[in-house]
Amino acid sequence: MRIVYYLALRLAIAALTLVGVSILVFAGLRLLPGGFEQMVLGPDASVEARAELVAKFGLDQSGPAQYVKWLAAAAAGDLGVSMATSKPVADEMLRRAPATVQVALIATATALAVGLPLGLLAGLGVGRWRSVGRVVGALGASVPEVVLGSVLVYIFSRWSLGATVGGYVPLTEDLGVSLRATLLPGMSLGIFGIALLVRTTRDSVQRVLTDGHVLTAVSQGRTRWQIVRHHVLRNASIPVLTVTATYIGYLLGGALIAEILFSVPGIGLYVYSALGNRDYAVVQAGVLLAAAVFIAVNTVADLGYAVLDPRIDARRHG
Amino acid sequence: MTGISCALRRGRAWLPAAVAAASLLVLPGLALAQGQKPVIWGKPSEVLSTDPHSSGDGSSWTVFYLIYDQLLSTDDKLNITPKLAESWEQVSPTSYVFRLRKNAAFSNGRPLTSADVVGSLKRLTDPQKARGWGKQIGGVNDVVAVDAHTVRIDLAKPNTALLSILSVATTSILPMKEIEAGSFDPAKGMLGSGPYKVAQHRQDEAWLLERNPHYWQSGKPLMDKMTIRVMPDDAARLAGLRDGSIDVATFENPDTPRLLGAIPSVQSVVQKTPNYFHLDLSGLNGNSVFKDRRVRQAAALVVDRPAIANAVFGGESAVEYAVPSAFGKKLCDGLPSYTLPRKERVAKAKALLKEAGHPNPRISLIASSVLVTYPLIAQVLQPQLQEAGFSVQVQQVPVAEWYKRVLTTNPKDSNFDASLTWFAGFSDPGIVLNWWTSGFSPVFTTFLEPVAEYGDLMAQVRQTPNGPERDRLMTRACGLIESSANMIPLVGKPDYIGFRRDQLDARFGPLEGNFDVFKYVADFKRR
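These remarks concern the structure in this document. (Residues numbered from 1 in each chain as written. Chains lettered and ligands numbered in written order. Predicted model: local features only at pLDDT ≥ 70, side-chain atom pairs only at ≥ 80, totals over all residues. Heavy atoms only, no water.)

### Brief notes about the overall build of chain B
Move 1: Across its full length, chain B holds 18 helices and 20 strands.
Move 2: Against the 2.2 N^0.38 benchmark of 24 Å for 527 residues, chain B shows a C-alpha radius of gyration of 26 Å, consistent with a compact globule.
Move 3: Each principal axis of the C-alpha atoms in chain B carries an extent, and together these give about 95 × 65 × 40 Å.
Move 4: Counting only contacts in chain B whose residues sit at least 6 apart along the sequence, the fraction spanning at least 24 positions is 71%.
Move 5: Split by element, the accessible area of chain B, about 19700 Å² in all, is 51% carbon and sulfur.
Move 6: One finds the centroid of the 59 positive side-chain charges in chain B at a distance of 4 Å from the centroid of its 51 negative side-chain charges. (Helix = DSSP H or I, 4+ residues; strand = E, 2+ residues; numbered from the N terminus. Rg over C-alpha atoms; globule rule 2.2 N^0.38 Å. Contact = heavy atoms within 4.5 Å. Areas by Shrake-Rupley, 256 points an atom, 1.4 Å probe, with all protein chains shown as cover. Lys, Arg positive; Asp, Glu negative; His and termini not counted. Charge placed at Lys NZ, Arg CZ, Asp CG, Glu CD.)

Rendered as C-alpha cells:
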C-alpha cells in the first residue's frame, strides 16, 4: 500500500514538473526572435505567403490558446506536426529514438564496465589504482566532449579501425553498419561517464570505509572480500545509482554534441535542427519528452534506493 | 588510511582491466553491406522546404536540380542552354515561344506536357503569393499552351533576364496534373522530371535517390542511386571523405581547400560563382547612425575588399562589384571606393563622419552564425571600420534572430546598424541589381533608403536588350548603389567541393551561377 501511495505521489510531482516544463519551453520558444515562416520560406517571401503559413499552423491565435490546444493534444498523445516537413512529430521521434537509445546504451555500458571497477579499486586504495582513478576521473571530466569527439573523428577516419563517422542505419537493417556508426559517439560519451562513475564510486567507497561498521568487520577478522561484498558495495551504491540515473537521463534526452559530431540522426539532432528552424512543435515535444524520460529514470532510481537500503524506505514513511 | 584498504593492499591484486579493455574494443570485423554503392554526397544541411516555388534557400535548390527540371540551364560560362525546352524563340520584345522535349516525363511515368509548364509558371507568378522569383519574371500577361509541347509566355513588359530566370530551380516545372488532383503535394515531397527520383527520405538524416527511369537523357544518369547524407559537422564530412565512406562533400568553410589538400585521393574544387557578400547598413532606422547617408558612405569608403579576400579566403575570392565580375563587364570598377588609394579613402571617411556630426560612431555589426564566413569577414571588417573612427561591436546571432532583426518586413522589428549577407548573381547581371530597387523585396524595404531614380533605371535595365546601352544603364546603377551606400558589395562567395577521385569519376563546373552544383550528375560514374 505504501509503495502505491509513494508512486502516486511521484506521479503527481512528475505531472506538475512536466506542466512547468511545458510552460517554460512554450513561452521560451515564443520569446526567441525569429519565426519559422521566415526560415522555411526564406526572408524574401511575400507577406501573404507568410501569413498563410502562420495561419496553417494556428500561430495566428493567442499564446494561451495555442498553449492549451497543444498541451491538450500532447496529453492525448498527439505531439503535433512538424511545421517544416508536415510530418507527425511522434513518428519522427520514434524513428530517431533507436539511434539515441543505441548510443546511450553503448555509452552507459562503457561507463559502467570501466568506471565502476576502476572507482571501486581507487576507493579501496588498491595498488596504483588510486592514482589511475584520480587521473582518469580528472581527464575524463575536464576534456570537453567536442574536443574528445573531434579527436576520435580524426583518428578513426585517418586509420581504418573499424568504427565509422556517419552512415547510421537502424540495427534491424544492418547490425554491423549500425554498430560501427554508433560506436564512436557511444565511446565519446562513455568516457565522460567513466570519469563521472570513477569519481563518484571512489568517493562513495572512501566514505563508507570510514564508517564504524567496516572497522568492526575488520576487527572481527572478516576477509576483505567479505567486507567489500557485504559492507561496502551496497552502502556505496546509492550515490552511484543517482549519478548513473542522471547520466542515462541526459543521454536519452539526446546527446546533442555527439550526435552532431558523428552525424547520428537521433533525437538531440532533430530537436537542435528544429530549434534553428523555429519548428515549435518539434522543440516542444523534444523538451517535454526529454523531461519525461529524465523524471522516469530518476523515479526508477528513487525506487532503487529503497531496495538497496531499506532504511531509506523506513525514513520516507516515518 | 582505513583498515580495510590496508588489508586489501596486502592481498592479491585483481584487475578489471580486461573488462575495461573489452568495453573499448572496436568491431573491425563487421563488414559493410555489399552491392552497388550509390554516389554518396555529404551535405551540410537538410532541405528546408521541398516546394521549389516557395523555397528561399540556395542549399535546397541544389537538391531540386537532382529531382526537377527547369525549362533552361546554363553552361560553364553562364550562357543559356536547353533543358526541358530544346529550343526557344523570342517572337516579339514581350513574347517567347518554348518547344519542349517530347520525351520528357515525370518519374511516375506521366509525360511532361505544356500544361505542366503553363500551370507551374502561373503558380509561380500568382500575384497573391508572388515570391522574389515571381517578381523577377515581372508582369505576365499570359502563359499559353500552343500545343502539347509548345508554350508561349507573353510578358507585360520586356524582360531581358527572363531566360536566365527560367534556368533557376525556383522556376522548376512541377507535375501540375497530380498537384491539381491532390495526389501530390509539393510541400511534402518531390516529384519531378530530373535525373533522380526520391526513393526514401529520412528527415535530417538522408535522402535516398534512385534514377528516374523516364529521364529524357537516354541511358542516364549513369549511376543508379545517389544518397544525400545530412552531415552538419565539417569534421564529419572531412572524415567521410578521408575514409571513403562518402564520395563527395560540399562546404562553406574557406579553409576547406587546405584541409582537403591534406587528404590523399581527394580532389578539391573551388567553384567560382557570381555570388558575393555584402555589407548592409540600416538606412531607415532613426536609432542608427547609418540613417545619415554620409555615415554610410564613410563606411563604404573604408572597406578594404582585397584584405577581406586575402585574409578570409586565402586569395580564393576576389573583389566584387554590384554587377558581378563573373560577367566580365567591368561596369562598376571605376567608382571611388574601388579606385582611390586607401589612405585617401580613410581620410575622406573621417571627413564625412565629422561633417555628419558623428566622428566616432558606435555601431554593432551582425554576423549570423548560419555561415562560418560571416564572423570571419566581420573580424576583418572591424579594424577597417575602426580606422575611420567607428567603434564596432560584432554580434554573432542565430539565423532566426538575424532574419527577425535585419531581413524583416516589419519596420518595428528592424533593429540593427550593420549586417553581413550575400547575393546570388545567377546568369544575368540585371537579376542581382533588382534587389536595390525599393519595394522589390519586402525585406529590404525596412532598411533600404529609396532612391527614386533607381527604380526607373532598373525598369530600363530589365527592358533593354543586352548590349552597350544596357551596360551603360547598369554602370549608372552602380553609381547610385555606391552613393546610397546601403548595401555595399564586398567579395565573391565561392563554393567548396571535395570528392574522392579514386572512387568517383565526376565533373564540377568551374563557374556556377544557379546553385546547380551537381549539374553534371547524370554523367557521374564509379571508378
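### Brief notes about the side chain of B:Glu178
Residue and element names in this part refer to chain B.
Move 1: By secondary structure assignment, the location of Glu-178 is in helix 7 (residues 176-181).
Move 2: Judged by relative accessible area, Glu-178 falls into the buried class, the value being 11%.
Move 3: Leaving out residues up to four positions away in the same chain, Glu-178 has contacts with Asn-108, Arg-110, Ser-183, Phe-184 and Leu-191. (Buried < 20%, exposed > 50% of the residue type's maximum accessible area, 1.4 Å probe, protein only.)

### Examining the packing of aromatic side chains
Residues and elements named next belong to chain B.
Move 1: For the structure on display, the rule yields 29 aromatic pairs over all chains.
Move 2: Their ring planes at 45° and their centres at 5.3 Å tell us that Tyr-215 and Trp-216 sit as a pair that is tilted.
Move 3: Between Phe-423 and Trp-436, the ring centres sit 5.3 Å apart and the planes meet at 65°, which makes this aromatic pair edge-to-face. Taken as a pair, Phe-423 in strand 16 (residues 418-423) and Trp-436 in the loop between helix 16 (429-433) and helix 17 (452-463) lie far apart in primary sequence, 13 residues in all. Across the pair, exposure class does not vary: Phe-423 and Trp-436 are buried alike.
Move 4: Feature note: the residues Tyr-276, Phe-416, Phe-423, Trp-435, Trp-436, Phe-440, Phe-444 and Phe-447 constitute an aromatic cluster, connected by ring pairs.
Move 5: In this structure, Arg-507 is placed above the aromatic ring of Tyr-520, and the distance from its NZ or CZ to the ring centre is 4.0 Å. (Phe/Tyr/Trp six-rings, centres within 6.5 Å; stacked < 30°, edge-to-face > 60°. Lys NZ or Arg CZ within 6 Å of the ring centre and 35° of its normal.)

### Section: helix 17 of chain B
Residues and elements named next belong to chain B.
Move 1: Turning to helix 17, its buried residues number three or more, namely Tyr-454, Leu-457, Met-458 and Val-461. All buried residues of helix 17 lie within an arc of 100° about the axis, which places them on one face of the element. For helix 17, the exposed residues set more than 90 degrees away from the buried face come down to Ala-452 and Asp-456.
Move 2: Buried positions along helix 17 lie against helix 16 and helix 18 (468-484). (Arc of directions from axis to C-beta.)

### Structural notes on the state of the cysteines
Residue and element names in this part refer to chain B.
Move 1: Tallying each qualifying case throughout the model produces one disulfide over all chains.
Move 2: Paired by a disulfide, Cys-332 and Cys-478 hold their sulfur atoms 1.9 Å apart. Separated by 146 residues along the polypeptide, Cys-332 in the loop between helix 11 (305-313) and helix 12 (336-339) and Cys-478 in helix 18 bring together distant segments of the chain. Grouping residues by exposure puts Cys-332 and Cys-478 together as buried. (Disulfide = S-S within 2.5 Å.)

### A word on the side chain of B:Asp495
Move 1: For B:Asp495, the position within the fold is in strand 18 (residues 495-500).
Move 2: Setting aside residues up to four positions removed in sequence, B:Asp495 forms contacts with B:Val269, B:Val270, B:Gln271, B:Thr273 and B:Val517.

### Brief notes about the sheet that holds strand 14 (residues 362-366) of chain B
All names here are of chain B.
Move 1: Read from one edge to the other, the open sheet built from five strands follows the order 15-14-16-13-17, with strand pairing classed as mixed. Of all the strands in the sheet, the pair left with one neighbour each is strand 15 (391-395) and strand 17 (487-492). Going across the sheet, the axis of each strand differs from the next one's by a mean of 30°, ignoring polarity.
Move 2: With five bridges joining them, strand 14 and strand 15 adopt parallel strand pairing. Along strand 15, the bridge assignment pairs Leu-365 with Val-394.
Move 3: Running over the sheet, helix 11 touches strand 13 (276-281) and strand 17 and is turned about 45° from strand 17. (Pairing = 2+ DSSP bridges. Axes fitted to C-alpha atoms, helices over the stretch in contact; angles between N-to-C directions.)

### Some remarks on empty space enclosed by the protein
A water-sized probe, rolled over the atoms, reveals where empty space remains.
Residues and elements named next belong to chain B.
Move 1: All told, the structure shown has five cavities of 30 Å³ or more when counted by the stated rule.
Move 2: Estimated volume of the largest cavity: approximately 80 Å³.
Move 3: As for the largest cavity, its lining consists of 14 residues, and the residues nearest its centre are Arg-305, Tyr-338, Ile-481, Glu-482 and Pro-489.
Move 4: For the lining of the largest cavity, the class distribution of residues is eleven nonpolar, one polar and two charged. (1 Å grid on protein atoms, 1.4 Å probe; cavity = no way out; pocket = protein on both sides within 12 Å on 5 of 7 lines; lining within 4 Å. Points joined across faces, edges and corners; volume = space filled by probe spheres on them. Nonpolar A, V, L, I, M, F, W, Y, C, P; charged D, E, K, R; others polar.)

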